[in-house]
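Take a look at the letters that make up each chain.
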Amino acid sequence: MCHRIACFASLVVVLLLAPTRTRAAAKSPESPLLPTRLRAEYRDSPLGIDARRPRLSWVLAPASTAPELRGRGQAAYRIVAASNPSVLAADRGDLWDSGRVAGKDAIHIAYKGKVLASGQRVHWKVRVWDDTGALSRFSEPAWFEMALLAPADWKAAWIDDHRDSVMTEGDLWKAWPAPLFRKEFPVAKKIARARAYASGLGYYELSLNGRRVGDHVLDPGWTSYGKRVLYSTYDVTELLQPGANAVGVMAGNGWWNALPLRLFGRINLRDVLATGWPCVIVQLDIEYTDGSREQVVTDPTWKVGDSGLQKNSIYLGELFDARKHPSGWDRAGFDDGKWRTAKAAQAYVGPLVAQDAPPIKVTRTLKPVAVTEPKPGVFVFDMGQNFAGWITLRAQGKAGTRMSLRYAELLYPDGMPNGMTTFAGQIKTRTDADREAQPLESDNPPATAWQQDVFVLKGDGGVESFTPRFTFHGFRYVAVEGYPGKPTVDALEGQRLNSAVESAGSFSSGSELFGRIQTMVEWTLLSNLFSVQSDCPQRERLGYGGDIVAASEMAILNFDMSRFYAKAVRDLQDAVRPNGGFTETSPFVGIETQGLGGGSGPVGWGIAHPVLLNDLYRYYGDRALLDEQYGTLVRYTEFLRSKAEGHIIEKEISDHEMLGERPRALTATAFYFHDVRLTADLAHALGKTADEKKYRALGRDIAAAFNKKFLPDAKAGRYDAGNQTCQAFALHLGLVPAASRRAAFNVLIDDIVNKRDGHLTTGIFGTKYMLNLLSDAGRADVGGRIVSQTTFPSWGHMLENGATTLWEAWKKDERTYSHNHPMFGSVSEWFWKTVAGIAPGDGAVGFDRIRLRPAVLDGVPWARGRYHSVRGDIVSEWRVEGGAFLWDVTVPVGATAVVHVPAKSAAQVKEGEVAATRARGLRYLRMESGAAVFEAKAGSYRFGSAR
């Protein structure tokens, strides 16, 4: 009997194990692709997003660079989303299990699970099947958390320290201390998690129990406040404590309560911008471990008092009197019995929207390189670098000691600060003799609008420090007057501020000059990313569309601009005029130089909207934004059409800061053509066939009219005045008939090489267009000659004259023009596209098509470029060694590349140890302009060829 039982048990074991072994034997091999860098709405584990169906993305990393893995790609994916990590760890999706979904794309996959609630956190991961059928492992888990998704979820109200609304302009110049708002509340249970949702106009600083919340500064980002106001979400779980707690908010003026300065002598921001007294809104959502919840919200039960920040202006600076700043005001137990009661704000603002664009942060600390004393008691700190941000000043002295800090980009020959290029809105006397600071304490508008801060010591016996809060400055030099004693360089340090965009990779080369120019461009761009892309960080600080048109690809190739530029697109939409025209600046401040009426700006500034939509589609694959904005785009195109007479537009700022007379009608019409062509391209992307056909036809009509007016002799190829700007616009934007293209190009080359000895004369747009055109036409050598110049006009000339950031104009100016303007930064785009050789290919969507075409230039023995695309790293690293061209290339999974290998014939090109024509992953296409051209599938390659 026992024997029979044992036999039966053995049989059962065999039967149970047999299927398992069969399944194990049949199991497909594991895919060598692994999903990494999981993101939601372009962000790693984002806190506080209000996209109801967030878009998810990942990068596929191959297990090795082996040739046999080339071309492997995703064929399908499975996303699992769960309400907590333990459910996700069990490979279950109680919120969403997509199952197997066929698809090659790994970017912008919309969440399609259960409806999400405000504040809900979602944990997710993904695995993929590759195109051999092999299944990958699951990725590491990621998460995203929702913000407040509906107006009804806001229980907090805007509050302010409401003043008499009937005031004169003169009243606004008086001292109005920045208000401090506070509220105490108890915590009696153990906290599971706590979130703070906060905003303030113009700026705010939030604290809990005396500790600063988050690392954002100058928050929220600037918008057209009547259309939308941004708010931020913070995890404040660790900042709360058992028992009594206190939440505090300090509010600054920012752009919301701007002073009635007359920028350029005529523009009062208060006539254009939404304005009001500083106000705040805060909602603390606390969840306890027992499942109960509690909220602390801004309402009229909050108290409000005065800070030591007596004055603060986005342009002029701050006056901080430490004697008047209440100690411990944001801690529990502070005596606020004499404080006022906050009031419901009379703020007419747009809806609250979660801040998705990168917040402004301190991104670098700088130490002064020297301190001098050009006049007794005036100490000038040289930061060694022009930049935008703050200083921290440390001093010890008697109560009431007043220190003045003035900021400048330049010095006079006697060592005193020259603020002529940095005075706010060009508000200044016209003589160099006016070097004295207009006291920030004055109750009158300044005759000369210095960037200035004033710090008054409390005098408590210890070392005190001052850092601004609600302003920023553009400067290299800081002049300190009234310092107690003689400071050393350690008494002051600088903090660079900018929207915290992530690096998109790195470019370097064997040219020292190119490296110095690249560094100069990066510093300049970051100096001008303060939630809008500004023209300069001192004098104007405004979001000009033309600067974006000239520099957007430069910015994208150096930094992740996906979310920053999505905000810029919406800023443009918010500012659009009733006639459909886009404004010169967004947010709109009333400037409409050479505009087309009704507050609209010039064409070259308005087309920032379609240019950005196209860039965001090509580089990041952002179709959702394109779909959202398409109606606004078409309305603008039709607005331009209504302003064209015979398809020609006459008014335009033109090629800003070019040398020589500007061809206004030519550039205006070329920009109009560019807009229409982009509209047709974007209609194609959205499958709007009728619109595409309509705008293709309109583009042909504009081109015909353009050539009739500006090309009197088709054989000569000379457009209008025939200068570099005229030729570059016509050629690069595709307006030149095929029969005239060679002649038109020869006119350009003759002007550069023979008439200008390798120098340019172009402005901000023509420079971008001309450098790219030269490379595309096989004359990168001419572009290299232009960029390598060190005499006027050139980037090298700027460096030779002490520049650390780009000038506004080619000619050095110490009386008017800014020395920190990014609009000539397109040279960095040329470094990436021509020297490193990395560019989106024709028809690229989210960089799925890549053009790799480096140019070997005299004096440049090597170059390295590594770009972090949305699909993974694109690598181009080449060197010339012993007469051979050696090139390492990486094409990310999900992309293909057209690769141009410099060579006399395809037979000369090797990939690794084999002929490139026989290498796995490569397909030979043709010889073109001294290069063997191949199509390369995803993978890593090592090319070699004889030169």
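Everything numeric here is computed off the predicted structure, so don't read it as measured data. (Residues numbered from 1 in each chain as written. Predicted model: local features only at pLDDT ≥ 70, side-chain atom pairs only at ≥ 80, totals over all residues. Heavy atoms only, no water.)

**Considering the overall build of the protein chain**
Thinking step 1. If you tally the helices and strands in the protein chain, you get 17 helices and 48 strands.
Thinking step 2. Since a compact globule built from 947 residues should have a radius of gyration of about 30 Å, the 30 Å found for the protein chain is in line with a globular shape.
Thinking step 3. Seen through its principal axes, the protein chain has C-alpha atoms that stretch 105 × 85 × 55 Å.
Thinking step 4. For the protein chain, the proportion of its 947 residues judged to be buried stands at 61%.
Thinking step 5. Accessible surface, the protein chain: about 35,600 Å² in total, of which carbon and sulfur atoms supply 50%. (Helix = DSSP H or I, 4+ residues; strand = E, 2+ residues; numbered from the N terminus. Rg over C-alpha atoms; globule rule 2.2 N^0.38 Å. Buried < 20%, exposed > 50% of the residue type's maximum accessible area, 1.4 Å probe, protein only. Areas by Shrake-Rupley, 256 points an atom, 1.4 Å probe, with all protein chains shown as cover.)

**Structural notes on the sheet that holds strand S1 (residues 33–40)**
Thinking step 1. The strand order across the open sheet built from three strands is S1-S3-S7, with neighbouring strands paired in antiparallel fashion. Looking along the sheet, the strands with just one partner apiece sit at the ends: S1 and strand S7 (109–110).
Thinking step 2. Summarising the sheet, S1 and strand S3 (residues 55–62) pair through six bridges and their orientation is antiparallel. Within S3, the residue paired with threonine 36 across the bridge is valine 59. (Pairing = 2+ DSSP bridges.)

**Some points on the sheet that holds strand S39 (residues 849–852)**
Thinking step 1. In spatial order, the strands read S38-S39-S43-S47-S46; together these five strands make up an open sheet with mixed pairing. In this open sheet, the two strands that pair with only one neighbour each are strand S38 (838–840) and strand S46 (922–928). Across the sheet, the axes of successive neighbouring strands diverge by a mean angle of 25°, strand direction being ignored.
Thinking step 2. Relative to strand S47 (residues 931–936), S46 runs antiparallel, the two sharing six bridges. The residue of S47 that forms the bridge with glutamate 928 is alanine 931. (Axes fitted to C-alpha atoms, helices over the stretch in contact; angles between N-to-C directions.)

**Details of the confidence of the model for the protein chain**
Thinking step 1. Counting all residues, the mean pLDDT for the protein chain is 95, and 96% of those residues have values of 70 or more.
Thinking step 2. Counting contacts from residues 1–26, a segment whose pLDDT is below 50, to residues more than four positions away or on other chains yields zero contacts. (pLDDT = per-residue confidence, 0-100. Contact = heavy atoms within 4.5 Å.)

**Notes on the pairing of strand S11 (residues 179–187)**
Thinking step 1. Bridge analysis of S11 against strand S21 (residues 303–306) gives four bridges, and the strand direction is antiparallel. Residue pairing in the sheet places arginine 182 in a bridge with lysine 303 of S21.
Thinking step 2. Across eight bridges, the pairing between S11 and strand S16 (residues 243–252) is antiparallel. Its bridge partner being in S16, glutamate 184 is matched across the sheet by alanine 246.

**Some words on empty space enclosed by the protein**
Thinking step 1. Per the counting criterion, the structure on display carries nine cavities of 30 Å³ or more.
Thinking step 2. Looking at the largest cavity, its volume works out to about 280 Å³.
Thinking step 3. Here the lining of the largest cavity takes four residues from strand S22 (residues 309–313), the largest share from any one element.
Thinking step 4. Of all the elements in the fold, those that place two or more residues in the lining of the second largest cavity are S1, S3 and strand S40 (862–869).
Thinking step 5. Taken together, the residues that form the lining of the second largest cavity break down as nine nonpolar, six polar and three charged. (1 Å grid on protein atoms, 1.4 Å probe; cavity = no way out; pocket = protein on both sides within 12 Å on 5 of 7 lines; lining within 4 Å. Points joined across faces, edges and corners; volume = space filled by probe spheres on them. Nonpolar A, V, L, I, M, F, W, Y, C, P; charged D, E, K, R; others polar.)

**Topic: the environment of phenylalanine 671**
Thinking step 1. Take phenylalanine 671: it is sitting in helix H10 (residues 664–685).
Thinking step 2. A relative accessible area of 0% places phenylalanine 671 in the buried class.
Thinking step 3. Spatially, the C-alpha atoms of phenylalanine 671 and tryptophan 605 are 9.3 Å apart, while their sequence positions differ by 66 residues.

**Details of H10**
Thinking step 1. The end-to-end C-alpha distance of H10, which contains 22 residues, comes to 31 Å, matching closely the 32 Å that a straight helix rising 1.5 Å per residue would cover.
Thinking step 2. Two residues or fewer past H10, glycine 687 is found with a positive phi of approximately 75°. (Expected span 1.5 Å × (residues − 1).)

**A look at the layout of surface pockets**
Thinking step 1. In this structure, the largest pocket encloses a volume near 1,400 Å³.
Thinking step 2. In terms of lining, the largest pocket is formed by 48 residues, of which the most central are Arg618, Pro840, Gly841, Asp842 and Gly843.
Thinking step 3. For the lining of the largest pocket, the element with the highest residue contribution is H10, accounting for seven residues.
Thinking step 4. When the residues that make up the lining of the largest pocket are grouped by side-chain class, the tally is 19 nonpolar, ten polar and 19 charged.

**A few points about the side chain of arginine 182**
Thinking step 1. Turning to its location among the elements, arginine 182 is positioned in strand S11.
Thinking step 2. At a separation of 3.2 Å, a polar atom in the side chain of arginine 182 contacts the side chain of glutamate 184.
Thinking step 3. Within polar-contact distance, the side chain of arginine 182 engages the backbone oxygen of arginine 331 at 2.7 Å.
Thinking step 4. When near neighbours in sequence (up to four residues on either side) are disregarded, arginine 182 contacts Ala246, Val247, Gly248, Trp302, Lys303, Trp329, Arg331, Ala332, Phe334, Asp336 and Trp339. (Polar contact = N/O pair within 3.5 Å; in protein donor to acceptor, adjacent residues only side chain to side chain.)

**Side note on the packing of helix H6 (residues 562–575) against helix H9 (residues 623–643)**
Thinking step 1. At a minimum axis distance of 11 Å, the contact between H6 and H9 shows a crossing angle of 20°. Of the possible angle classes, the one that applies to H6 and H9 is roughly parallel. The hand of the H6/H9 crossing is left-handed. On H9, the residues touching Ala566, Val569, Arg570 and Gln573 of H6 are Leu625, Glu628, Gln629 and Thr632.
Thinking step 2. A class-by-class count of the residues in the contact of H6 with H9 yields three nonpolar, three polar and two charged. (Parallel < 35°, antiparallel > 145°, perpendicular 65-115°, else oblique. Left-handed = near helix turned anticlockwise from the far one by under 90°.)

**Some points on H9**
Thinking step 1. Taking 1.5 Å per residue as the helical rise, H9 with its 21 residues ought to reach 30 Å, and the 29 Å between its terminal C-alpha atoms agrees with that figure.
Thinking step 2. Of all the bends in H9, the greatest measures close to 50° and is centred on glutamine 629.
Thinking step 3. Buried residues of H9: Leu625, Leu626, Gln629, Tyr630, Thr632, Leu633, Val634, Tyr636, Thr637, Phe639 and Leu640, and no others.
Thinking step 4. Tucked into the core, H9 has its buried residues touching H6, helix H7 (603–606), helix H8 (608–620), H10 and helix H11 (689–710). (Bend = angle between axes of the 7 residues up to and from the residue.)

**Examining the side chain of arginine 70**
Thinking step 1. Position of arginine 70 relative to the elements: it lies in the loop between S3 and strand S4 (74–82).
Thinking step 2. A distance of 2.9 Å separates a polar side-chain atom of arginine 70 from the backbone oxygen of serine 940.
Thinking step 3. Setting aside residues up to four positions removed in sequence, arginine 70 forms contacts with Glu911, Ala919, Arg920, Gly921, Ala938, Gly939, Ser940 and Tyr941.

**What to know about the pairing of strand S33 (residues 452–456)**
Thinking step 1. Within S33, five of the five residues are buried, leaving the element largely enclosed by the surrounding structure.
Thinking step 2. Every second residue of S33 is oriented toward a common face, with Gln452, Val454 and Val456 on one face and Asp453 and Phe455 on the other, all of them buried.
Thinking step 3. Pairing geometry for strand S23 (residues 317–321) and S33, over three bridges, is parallel. Of the residues in S33, the one forming a bridge with leucine 319 is valine 454.
Thinking step 4. One ladder, built from five bridges, connects strand S30 (residues 402–408) with S33; its direction is antiparallel.

**Re unusual backbone geometry**
Thinking step 1. Geometrically, the link from aspartate 219 to proline 220 is a cis peptide bond, its omega value of 0° lying close to zero.
Thinking step 2. Considering the arrangement of structural elements, one finds proline 220 in the loop between strand S14 (211–212) and strand S15 (229–235).
Thinking step 3. Between phenylalanine 792 and proline 793 the backbone carries a cis peptide bond, its omega angle lying at -10°.
Thinking step 4. The residue proline 793 is located in the loop between helix H15 (780–787) and helix H16 (795–800) in this model.
Thinking step 5. Even without being glycine, serine 531 reaches a positive phi, approximately 70°.
Thinking step 6. Turning to its location among the elements, serine 531 is positioned in the loop between helix H4 (512–527) and helix H5 (545–558).
Thinking step 7. Its relative accessible area of 8% is what places serine 531 among the buried residues.
Thinking step 8. A positive phi angle, close to 65°, is found at arginine 541, a residue other than glycine.
Thinking step 9. Mapped onto the secondary structure, arginine 541 falls in the loop between H4 and H5.

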